[in-house]
Amino acid sequence: MTVTAAITALDKWYGYMKSHDKAALWDLLHPDAVFESPVVHTPQRGRDITFKYLSSAEQVLGGPGFKYVGEWRSDNGAVLEFEKEIDGIVINGVDIITFADGKISHFKVMVRPLKAITLLHQMMGAQLAKQ
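Residues numbered from 1 in each chain as written. Predicted model: local features only at pLDDT ≥ 70, side-chain atom pairs only at ≥ 80, totals over all residues. Heavy atoms only, no water.

**Brief notes about the packing of helix α3 (residues 47-61) against helix α4 (residues 114-130)**
Applied cut-off: Simply put, an axis is a line fit to the C-alpha atoms, just over the touching stretch for a helix, and the angle between two N-to-C directions goes from 0 to 180 degrees. Only DSSP runs of H or I covering at least 4 residues are called helices, and only runs of E covering at least 2 are called strands; the numbering of each starts at the N terminus. When describing relative orientation, an angle under 35 degrees is termed roughly parallel and one over 145 degrees roughly antiparallel, while 65 to 115 degrees is termed roughly perpendicular and anything else oblique. Crossings are assigned a handedness: left-handed for a near helix turned anticlockwise from the far helix by less than a right angle, right-handed for a clockwise turn. When checking whether two residues touch, look at their non-hydrogen atoms; a contact exists if any pair is within 4.5 Å. Following the grouping adopted for this structure description, the nonpolar residues are Ala, Val, Leu, Ile, Met, Phe, Trp, Tyr, Cys and Pro, the charged ones are Asp, Glu, Lys and Arg, and the polar ones are all others, Gly among them.
One can describe the packing of α3 onto α4 by two numbers: an axis separation of 9 Å at closest approach and a directional angle of 120 degrees. Considering their axes alone, α3 and α4 lie oblique with respect to each other. In the crossing of α3 with α4, the sense of the turn from one axis to the other is right-handed. Across the interface between the two elements, Lys-52, Tyr-53, Ser-56, Ala-57, Gln-59, Val-60 and Leu-61 of α3 pack against Leu-120, Met-123, Met-124, Gln-127 and Leu-128 of α4. A class-by-class count of the residues in the contact of α3 with α4 yields eight nonpolar, three polar and one charged.

**Section: the side chain of His-30**
We apply this condition: Any pair of nitrogen or oxygen atoms within 3.5 Å is treated as a polar contact; in protein, a donor-acceptor pairing is required on top of that, and neighbouring residues in sequence qualify only through side-chain atoms on both sides.
Its location among the elements puts His-30 in strand β1 (residues 29-36). Engagement of the side chain of His-30 in a polar contact is seen with the backbone nitrogen of Asp-32, the distance being 3.0 Å. Every residue in contact with His-30, bar those within four places of it in the chain, is listed here: Arg-47, Ala-100, Asp-101, Lys-103, Ile-104 and Ser-105.

**Let's talk about the packing of aromatic side chains**
For clarity, the cut-off: Pairing of aromatic rings covers Phe, Tyr and Trp, the last counted by its six-membered ring, and requires centre-to-centre distances within 6.5 Å; plane angles under 30 degrees mean stacked, over 60 mean edge-to-face, and any other angle means tilted. Relative accessibility thresholds used throughout: buried, under 20% of the residue-type maximum; exposed, over 50%; partly exposed, between the two (1.4 Å probe, protein chains only).
Overall, the coordinates contain eight aromatic pairs when judged by the stated rule. Relative to Tyr-16, the ring of Trp-13 lies with its centre 5.4 Å away and its plane at 45 degrees, an arrangement referred to as tilted. With Trp-13 and Tyr-16 both in helix α1 (residues 3-19) and three residues apart, the pair spans about one turn of that helix. When its relative accessible area of 2% is taken as the criterion, Trp-13 is described as buried. For the ring pair Phe-66 and Tyr-68, a centre distance of 5.0 Å and an interplane angle of 85 degrees mean the geometry is edge-to-face.

**Details of the sheet that holds strand β3 (residues 67-73)**
For the record, the criterion: Here, a strand pair is defined by DSSP locating no fewer than two bridges between the strands.
Across the sheet, six strands lie side by side as β2-β1-β6-β5-β4-β3; this open sheet has mixed pairing. Both edges of this open sheet fall to β2 (44-45) and β3, since each of them pairs with a single strand only. Its contacts with the sheet place α4 against β4 (77-86), β5 (89-100) and β6 (103-112), and it is angled at close to 70 degrees to β5.

**Some thoughts on the nonpolar core**
Defined as follows: Here, the term nonpolar core denotes a set of buried Ala, Val, Leu, Ile, Met, Phe, Trp, Tyr and Cys residues that are joined through side-chain atoms within 4.5 Å.
Counting residues in hydrophobic clusters, the biggest one holds 33 residues, and the most contacted among them are Trp-13, Leu-61, Ile-91, Ile-104 and Phe-107. Going through the elements one at a time, α1, α2 (22-28), β1, α3, β4, β5, β6 and α4 are the ones with two or more residues in this core. Sequence-distant contacts of Trp-13, defined by excluding residues within four places in its chain, comprise Leu-25, Leu-28, Leu-54, Tyr-68, Leu-80, Ile-97, Ile-104 and Phe-107.

**Focus: the layout of surface pockets**
Put simply, the rule is: Of the grid points, spaced at 1 Å and generated over the protein atoms alone, those admitting a 1.4 Å probe that cannot get out make up cavities, while open sets with protein on both sides within 12 Å along at least five of seven lines make up pockets; any residue with an atom within 4 Å of a point is treated as lining. Grid points are joined across faces, edges and corners, and a volume is the space filled by probe spheres set on the points.
Its boundaries defined by the atoms lining it, the largest pocket holds a volume of some 360 Å³. As for the largest pocket, its lining consists of 25 residues, and the residues nearest its centre are Phe-35, Ala-57, Leu-61, Val-109 and Met-124. Counting only elements with at least two residues in the lining of the largest pocket, the list comes to α1, α3, β6 and α4. Per-element accounting of the lining of the largest pocket gives the leading share, six residues, to α4. Counted by class, the lining of the largest pocket contains 20 nonpolar, three polar and two charged residues.

Below is the structure:
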């Protein structure tokens, strides 16, 4: 994958986070995408489950108050540091994104502090149950 393709895919990710367009997210995911959650032990494999987790996370974390505060790029991916405050708890984390063929092939989320992980675990569980 070229650096240009990775940058284009990253731009599409940022576009999704602004638009909340689920069709755009689906199109951005590689058919063999893998999602790694900060609270689920095993990697979640496949576009369907990755879509479910990422669209649920966008519902929980996205919108007002969510912001990316750091970005580090490589030839085939990026690390994006984010912050959001929910119920007085400042959630700080990173999205580690790998691209292949201009699509997201691997998405790993890491979150701190422990209070934030506990809160997200509860909120994501409720959101995933709705889908």
